[in-house]
Amino acid sequence: MKKIIMLLISSIFLFTSCNEELITIVDEYNSPYDIKAIASNNAIYISFWSSVIASDFAGFNLYVSQANTFTQPDDAIKSTSNTFPTILGSNHTRTNFVIEVPTTKMAFANGTLYYVSVTAYGTNNLVDKKYIETKITPDSIIPVIPRNEGDGNGNSLTANGQNLGTINNGKITCNANWKVQYFGAQNSINNVVVLTNYNDNSFDNDAIYSINGLYIFKNGNSLAKIWIKKDGSYRWAYQQNASQWWGI
């Protein structure tokens, strides 16, 4: 009988311990990943993937600064209600987000280097801080330089007044000191953001002409990007000095 009582007491203790452990478990969120900063005209967008299934997940904090360090969560951009997170929402499947970084913290000037990051954020009364937030790591802090952009027409390719080249007989031929890389057919001018091959040897004097073709031109530290929307119509972007980022 004594053995049965001891076994019962042990079982109760184990059951109680398990219950207590379950009560104090705090969810950990998966960090946003594949983060990209997309430059625009006096604007910045941040693209990332995320999937958080925790019930206390509330949304995402966005960070922006001219310095490449952040204090969490104090440096996050507050929401329109002056609270965290910056962007409300929850997702329980793998989702790609493209969000314009609000200018409530600072205005964005073309040609100026900024750093951006994103975290998953939620409230939880079981932790001392009363909130949960994924960590910002050095590789999740992304540089970006806003740049001019616009639309062009005709067979002469220009970007911000710069004569890049001409379209003739199914070919794009560069002008003066400009050279070009062809990135194939794309559905957006922003499908290629950062150059991995930015040495002069990676650029050519000409390229095949293609509808929906995306082209990046280089002249010293200057970059220009052309996306052919249709015959005689294109979208352009121009970065006067991309040496701090090599993106456009």
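Residues numbered from 1 in each chain as written. Predicted model: local features only at pLDDT ≥ 70, side-chain atom pairs only at ≥ 80, totals over all residues. Heavy atoms only, no water.

1. Structural notes on the overall build of the chain
In terms of helices and strands, the chain carries 1 helix and 17 strands. Taken across its 248 residues, the chain has 42% of its residues classed as buried. On the chain, roughly 13500 Å² of surface is accessible, and the fraction owed to carbon and sulfur atoms is 49%. (Helix = DSSP H or I, 4+ residues; strand = E, 2+ residues; numbered from the N terminus. Buried < 20%, exposed > 50% of the residue type's maximum accessible area, 1.4 Å probe, protein only. Areas by Shrake-Rupley, 256 points an atom, 1.4 Å probe, with all protein chains shown as cover.)

2. Focus on the side chain of Lys-225
You can see Lys-225 is positioned in strand β16 (residues 222–230). This buried residue, Lys-225, is left without a salt bridge; Glu-149 holds the nearest opposite charge, at 7.8 Å. Looking at Lys-225, its side chain comes within polar contact range of the main-chain oxygen of Val-192, at 2.7 Å. A distance of 2.8 Å separates a polar atom in the side chain of Lys-225 from the backbone oxygen of Ile-248. Beyond its immediate chain neighbours, meaning those up to four positions away, Lys-225 contacts Arg-147, Ile-189, Asn-190, Val-192, Val-193, Leu-214, Tyr-215, Ile-216, Arg-235, Trp-236, Ala-237 and Ile-248. (Lys, Arg positive; Asp, Glu negative; His and termini not counted. Salt bridge = Lys/Arg side-chain N within 4 Å of Asp/Glu carboxyl O. Polar contact = N/O pair within 3.5 Å; in protein donor to acceptor, adjacent residues only side chain to side chain. Contact = heavy atoms within 4.5 Å.)

3. Concerning unusual backbone geometry
Cis geometry is adopted by the peptide bond preceding Pro-73, which originates at Gln-72 and carries an omega value of -10°. Tracing the sequence through the fold places Pro-73 in the loop between β3 (57–65) and β4 (87–88). Here the phi dihedral of Lys-130 falls at roughly 70°; this positive angle occurs in a residue that is not glycine. Along the polypeptide, Lys-130 turns up in the loop between β6 (114–123) and β7 (131–133). Of note in the backbone geometry, Asn-160 takes a positive phi value of approximately 55° without being a glycine. By the element assignment, Asn-160 lies in the loop between β10 (156–159) and β11 (162–168).

4. What to know about the sheet that holds strand β13 (residues 179–185)
One open sheet accounts for 5 strands, arranged β9-β17-β16-β15-β13; its pairing is antiparallel. Every other strand in the sheet has two partners, leaving β9 (148–153) and β13 as the edge strands with one partner each. When the angles between neighbouring strand axes are averaged without regard to direction, this sheet yields 20°. In the sheet, β16 pairs with strand β17 (residues 233–239) via 7 bridges, with the strands oriented antiparallel. Looking at the pairing, Ile-226 lines up with Trp-236 of β17. (Pairing = 2+ DSSP bridges. Axes fitted to C-alpha atoms, helices over the stretch in contact; angles between N-to-C directions.)

5. Quick word on the side chain of Ser-222
Structurally, Ser-222 is set in strand β16. For Ser-222, a relative accessible area of 13% puts it in the buried group. Within the structure, Ser-222 has its side chain in polar contact with the backbone oxygen of Gln-240 (distance 2.7 Å). If sequence neighbours within four positions are ignored, Ser-222 has contacts with Trp-178, Phe-217, Tyr-238, Gln-239 and Gln-240.

Nothing here speaks to function; it is geometry throughout.
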